[in-house]
Amino acid sequence: SVLCKSLPPEEERRVRANDREYNEKFQYANNCIMTSKYNIITFLPVNLFEQFQEVANTYFLFLLILQLIPQISSLSWFTTIVPLVLVLSITAVKDATDDYFRHKSDNQVNNRQSQVLISGILQKEKWMNVRVGDIIKLENNQFVAADLLLLSSSEPHGLCYIETAELDGETNMKVRQSPSVTSELGDPHNLAQFDGEVICEPPNNKLDRFCGTLYWRENKYSLSNQNMLLRGCVLRNTESCYGLVIFAGPDTKLMQNSGRTKFKRTSIDRLMNTLVLWIFGFLVCMGVILAIGNAVWEKEVGSLFQSYLPWDPSVDNFLFSAFLAFWSYVIILNTVVPISLYVSVEVIRLGHSYFINWDRRMFCQRCNTPAEARTTTLNEELGQVEYIFSDKTGTLTQNIMTFNKCSINGHAYDDTLSRAQRLDFSFNSLADKDFCFYDQSLLDAIKLGEPLVHEFFRLLSLCHTVMSEEKSEGELVYKAQSPDEGALVTAARNFGFVFRSRTPNTITVQELGRPVTYSLLAILDFNNIRKRMSVVVRSPEGKIRLYCKGADTLLFERLHPCNQDLMNVTSDHLNEYAADGLRTLVLAYRDLSEQQWEDWAAQLHSAERAPDYREDRLAAAYEEIEQDMMLLGATAIEDKLQEGVPETIALLSLANIKIWVLTGDKQETAVNIGYSCKMLTDDMTEVFIINGHTVQSVREELRQKSMPAAHPSSNLLDSISGEYALVISGHSLAHALEADMEREFLDTACVCKAVICCRVTPLQKALVVELVKKHKKAVTLAVGDGANDVSMIKTAHIGVGISGQEGIQAVLASDYSFSQFRFLQRLLLVHGRWSYLRMCRFLCYFFYKNFAFTMVHFWFGFFCGFSAQTVYDQYFITLYNIVYTSLPVLAMGIFDQDVPEQRSLEYPKLYEPGQLNLLFNKREFFICIAQGIYTSVVLFCVPYGVLSQATGSDGIPLADYQTFAVTVATSLVIVVSVQIALDTGYWTAINHFFIWGSLGSYFTILFAMHSNILFSIFPNQFHFVGNAQNTLQQPVVWLTIALATVICIVPVLAFRFLKLDLKPQLSDTVRYTQLVRQKKLAGLGSGALGRLGRAGSRRSGYAFAHQEGFGELITSGKNMRLSSLALATFASRHSASWIDTLRKKKQQLTPTQSGAEGSPKGVTKRFQSERI
């Protein structure tokens, strides 16, 4: 949106139709959106401001300023400005490229065309030019341009159908209806005369609520969410409709739920900022020590040598000399953190990103979609994830329902037993060609005319609210709001009972080729309490029958007693189906006499006309007729998970990653999927449901299910974390996220193995992620595939977009993208773990080699009169981090690995060191610099001690500055090269070439720099002429170098061998077992992730994705295209023993419980037993 001055917050919104002049005085936002971070004017200052938030960049800028002062600078200024500008430029180009694509996406959306009614004529306008108060015409399959009040539609009674996948992730269609007073304003001429005024709530992010009033012709009409079409929805199965723009651009609910693009940094980046500050403090301390030494030396000793070593003209006393020496040493010692560190980090991250992009095992052949690292700054954080927040629809599931199994009159028909050959439905010209079933006995029963099998499918073809379209002869298209109900009707269709069409009073079915029209006498609609639906129909023969389908727990109670034996058999089948994660339904019928029907119809009519308690009276009427039913059987439907989802979730759980599902879907849908993907199991002690509608009720439910102690011990947390699950609805979550309750909610949720949040808005998803980020200090990852997931993806430390069926908004907002949820295991356990390992090893080695390099200057200061004289010549200082040591550490940072990728997946416990941040932290940093300081002491003292008394083969003493400089420099390069050879865990040809090649390049460049040729060309630049040749031909020098190398390396080797023997890490154990038992272990890993069995609690799959009220629409005749039913709440299992169970567990914990696990052998044994 265009930048404008800040306006006071709205208290209410007033919109007058067709009156731009009136609406513009309120200065409402226009319909232009902006998701980008920069524009041409703000890019440079804002981007530089972001980059200088990196402490290192500010540090190098400060050093550059110092180097511009000739009195204190002993190094050229270009050695700092060139790499600094290079780093800033590379980062700026990357940020500009990312933002360019955001601008491109914004322009594409803003320039979409819309038909706007202006002066009674429909005119084409760009979306960005649409204003509040405009009337827009929408046509079938068009996106809704802004938040509109539906005025009229081409459908009867002002109905229209929309798909809300961009908002809540649901691909099922929903119905909206215009106010009755405007539904007849169908043509542009009438709409041009419409001057109604809407007064409503101000812009907000609540997707499921709208409150307003329409004032027109001195009357007022209440408006609700059922009258609204929100931006991001798509018009479906509706030829056209007209709407009045209420909210535009950034005020729309879609944009209100879309979080701003955030600048993401990894925990290692933040730690490095802290370490740079510490190092700068350390550098200042060294500078102060050396400056004090300079002052003392100049006063006590230097003053005696003024005739030989006069002070500079600007220096008039020893204190000023010390002041200049301080800044000179700050410049000389700044190489403890050279800018090449940050260049190297970016190169390594770029390499890791390419490895993700090139991974063929994360390439989806079906979609022809590779994995893509859309950012290069977060790779190592992939190895530290503790919480994954996942969308459900399209992320965990394919949102495709299949009719898998059924039980009819006690006989089970199983689609999965024999997959030899698909059933041939060629006898049925109306069969759906995509429908698959394999059990031939079911088709044989149909053809043999078994009455109960026919009745079973007759029920499926009649008892539903699906709408049918026949596009051409024999080409049927079913429109169901819930895909599970569509799957049932499609199954009946293929087995010969084809639902053809319906009117408000009839249903036409083609039964085995014979058209039959049933009179629809009543629809007993679904609701969350009933968890079932029924229809009463009259056959052409005049027979009246009630057909019912619903949750088994409720239908079994309403069966005739003679069904007991059949019910027992069917119950066993339901247990088997539920154990496979399928959604189950029970089917039953009841024959009614004419008198029974007439008596009940009168009761129903009375209930429908009741002025008060209408719902209760209807429920009582329904309850009366749905009794003494005869059991037909049961169905089992599979909501197809994406490939590998249960295995991926199991593997990530073993890696101690907690997975929370945040979905806009209904509770039952999410819970069923939780069971299907094995997040929820019947082995759990309890699955807790939080469903309160008030602050107090939510608080009470949370406290019932919270820990008995306010601050439970870590042992207790560990002991219960795998046994409980929490399911919370959106309206309860709204209260749970309030400031005074959020910690209570989080503590309860974090001791649960699985957390499922249902019916949440996009903003609530982001708030849950933010809550965990704020209080748990853990790395979070959000994964989703729709626009409703964008806010969550932007809020999490890492955002992953699934390129699925809900558009590309999630992918555009994400840091990483791929097409299948199962690729998450490779992204985290392989690429993430390796990236973290490589980056940590790189940083440890980098700080080590640079402290070893720089601290020699500090020790030398005590022997050179604290004069800020460098030990090495300036070209060695310049090339050390650029040439001599840069490539080996880059190769290690890009290619190194501790165990192969197969072992990373077989042993998910290897992931835990990243979560605990064990490989690079403040402790590891101090160990590295301690080793570096030790190395610098050896590198200075050994050559100094040897050469001060040594003579060459020609008898000339070797105690000169240049010989000492070359000896120390050569020792340093050899020691750090041997050290990186020890640190490298995975050797490639590139590692060999870079390590030994860098060592060779050092000697090549050294001899070239000290050659007569360069001295003759640049006599003022190359002062060490001939020194390398003279020094390195002395045996004592090589003995000195060998001695220094041994003293530096042997303690490191000894320490590592002791550590490996006494306290091996998990990766050491894996490498050892791999070497010893390589052949035996080769076949493991693939078969270990079998099906996780669970006991047979049954979950009704019917109440899966339906909504209440569509039965009434059908029977009223208002809805003759698409209809839908709703779903019941998952049967919550309330626990009175939650606290008692925890207390028992606490009592069972003994102090010696973890004793065996504390020893290295215990670690190894436990680790091997937990391996997959």
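A brief structural summary. (Residues numbered from 1 in each chain as written. Predicted model: local features only at pLDDT ≥ 70, side-chain atom pairs only at ≥ 80, totals over all residues. Heavy atoms only, no water.)

Let's talk about the side chain of S183
Where we set the bar: Numbering of helices and strands starts at the N terminus; helices are DSSP runs of H or I of at least 4 residues and strands are runs of E of at least 2. Exposure is judged per residue with a 1.4 Å probe applied to protein chains only, and the accessible area is read against the type maximum: over 50% gives exposed, under 20% gives buried, and values in between give partly exposed. Think of a polar contact as two N or O atoms within 3.5 Å of one another; within protein, one of them needs to be a possible hydrogen donor and the other a possible acceptor, and neighboring residues in sequence only count if both atoms come from side chains. Should any heavy atoms of two residues lie within 4.5 Å, those residues are considered in contact.
With respect to the element layout, S183 can be found in the loop between strand 7 (173-177) and helix 6 (188-192). Its relative accessible area of 12% is what places S183 among the buried residues. Polar side-chain contacts of S183 include one of 2.9 Å to the backbone oxygen of S180. Setting aside its immediate chain neighbours within four residues, S183 contacts L151, S152, H157, G158 and S178.

Things to note about the nonpolar core
Selection rule: In this description, a nonpolar core means a group of buried Ala, Val, Leu, Ile, Met, Phe, Trp, Tyr and Cys residues linked to one another through side-chain atoms lying within 4.5 Å.
Membership of the largest hydrophobic core comes to 102 residues, with the highest contact counts inside it found for V337, L341, L843, Y872 and F876. Broken down by element, the residue count for this core peaks at 17 residues, all from helix 27 (residues 823-861). Beyond its immediate stretch of four places on either side in the chain, V337 contacts Y59, F60, V276, I279, Y342 and F847. Core analysis: the second largest hydrophobic core is formed by 52 residues, L651, V783, Y816 and W834 among them.

Examining the sheet that holds strand 7
Selection criterion: Paired strands, in this sense, are two strands between which DSSP finds at least two bridges. In this description, a line fitted to the C-alpha atoms serves as the axis of each element, helices being fitted only across the stretch in contact, and the angle between N-to-C directions of two axes falls anywhere from 0 to 180 degrees.
In spatial order, the strands read 7-6-12; together these 3 strands make up an open sheet with antiparallel pairing. Each edge of the open sheet carries a strand with a single partner, namely strand 7 and strand 12 (234-236). Geometrically, the sheet is characterised by an average inter-axis angle of 45° between neighbouring strands, direction not taken into account.

Quick word on the pattern of salt bridges
Quick reminder of the rule: Whenever Lys or Arg places a side-chain nitrogen within 4 Å of a carboxyl oxygen from Asp or Glu, that contact is recorded as a salt bridge.
According to the stated counting rule, one finds 46 salt bridges in the structure shown. Residue R458 pairs with E511 through a salt bridge whose shortest N-O separation is 2.9 Å. Here E511 lies in strand 21 (residues 506-511) and R458 lies in helix 12 (residues 451-462), a separation of 53 residues in the sequence. Exposure remark for R458: the relative accessible area of 14% places this residue in the buried category. For E744, the salt bridge goes to R703, with nearest N and O atoms at 2.8 Å. Here the residue E744 occupies a position in helix 23 (residues 742-750), and R703 occupies one in helix 20 (residues 695-704), the gap between them amounting to 41 residues. On the basis of relative accessibility, which here comes to 48%, the residue R703 falls in the partly exposed class.

Digging into the state of the cysteines
Going by this rule: Only a pair of cysteine sulfur atoms within 2.5 Å qualifies as a disulfide here.
Applying the stated rule across the entire model yields 0 disulfides. Between C548, a free cysteine, and C463, which holds the nearest cysteine sulfur, the sulfur-to-sulfur gap is 6.4 Å. In this structure C548 comes out as buried when scored by relative accessible area, which is 0%.

Side note on the packing of helix 27 against helix 33 (residues 961-983)
Formally: For this classification, under 35 degrees means roughly parallel, over 145 means roughly antiparallel, 65 to 115 means roughly perpendicular, and everything else is oblique. Here a crossing is taken to be left-handed if its near helix is turned anticlockwise relative to the far helix by less than a right angle, and right-handed if that turn runs clockwise.
Following both chains from N to C, one finds helix 27 and helix 33 inclined at 165°, their axes separated by 11 Å at the closest point. For the element pair helix 27 / helix 33, the angle class is roughly antiparallel. Helix 33 is crossed by helix 27, and the crossing has right-handed handedness. Two secondary-structure elements touch here, helix 27 through R841, Y845, Y848, K849, A852, F853, V856 and F860 and helix 33 through Y961, F964, V968, L972, V975, V976, S977, Q979, I980 and D983.

Description of the packing of helix 27 against helix 29 (residues 886-895)
What counts here: Note on residue classes: Ala, Val, Leu, Ile, Met, Phe, Trp, Tyr, Cys and Pro are nonpolar, Asp, Glu, Lys and Arg are charged, and everything else, Gly too, is polar.
Two elements in contact, helix 27 and helix 29, have axes whose closest approach is 7 Å; the angle formed by their N-to-C orientations is 160°. Classed by the angle they form, the pair helix 27 and helix 29 counts as roughly antiparallel. Crossing of helix 27 against helix 29: the hand is right-handed. Mapping the contact onto sequence places R838, R841, F842, Y845 and F846 in helix 27 and V889, M892, G893, I894 and F895 in helix 29. When grouped by side-chain class, the residues that make up the contact of helix 27 with helix 29 number 7 nonpolar, 1 polar and 2 charged.

Remarks on the packing of aromatic side chains
Our working rule: Stacked, tilted and edge-to-face are the three classes assigned to paired rings of Phe, Tyr and Trp, where Trp is represented by its six-membered ring and a pair needs centres within 6.5 Å; plane angles under 30 degrees give stacked, over 60 edge-to-face, the rest tilted. In this scheme, Lys NZ or Arg CZ marks a charge over a ring once it lies within 6 Å of the ring centre and within 35 degrees of the ring normal.
The full count for this structure, using the stated rule, is 57 aromatic pairs. Ring plane angle 85° and centroid distance 6.0 Å describe the contact between Y387 and W660, whose orientation is recorded as edge-to-face. You can see Y387 sitting in strand 15 (residues 385-390) and its partner W660 sitting in strand 27 (residues 658-662), a full 273 residues away along the chain. Residue classification places Y387 among the buried positions, given a relative accessible area of 3%. Consider the rings of Y1002 and F1003, whose centres lie 5.1 Å apart with planes at 65°: the pair is edge-to-face. In this pair, the class of Y1002 matches that of F1003, namely buried. Joined through ring pairs, the aromatic side chains of F853, Y872, F876, Y880, Y884, Y1002, F1003 and W1038 make up one cluster. Here the guanidinium or amino end of R13 rests over the ring plane of Y28, the centre of that ring lying 3.9 Å away. The lysine or arginine in question, R112, covers the ring of F143, its NZ or CZ lying 4.7 Å from the ring centre.

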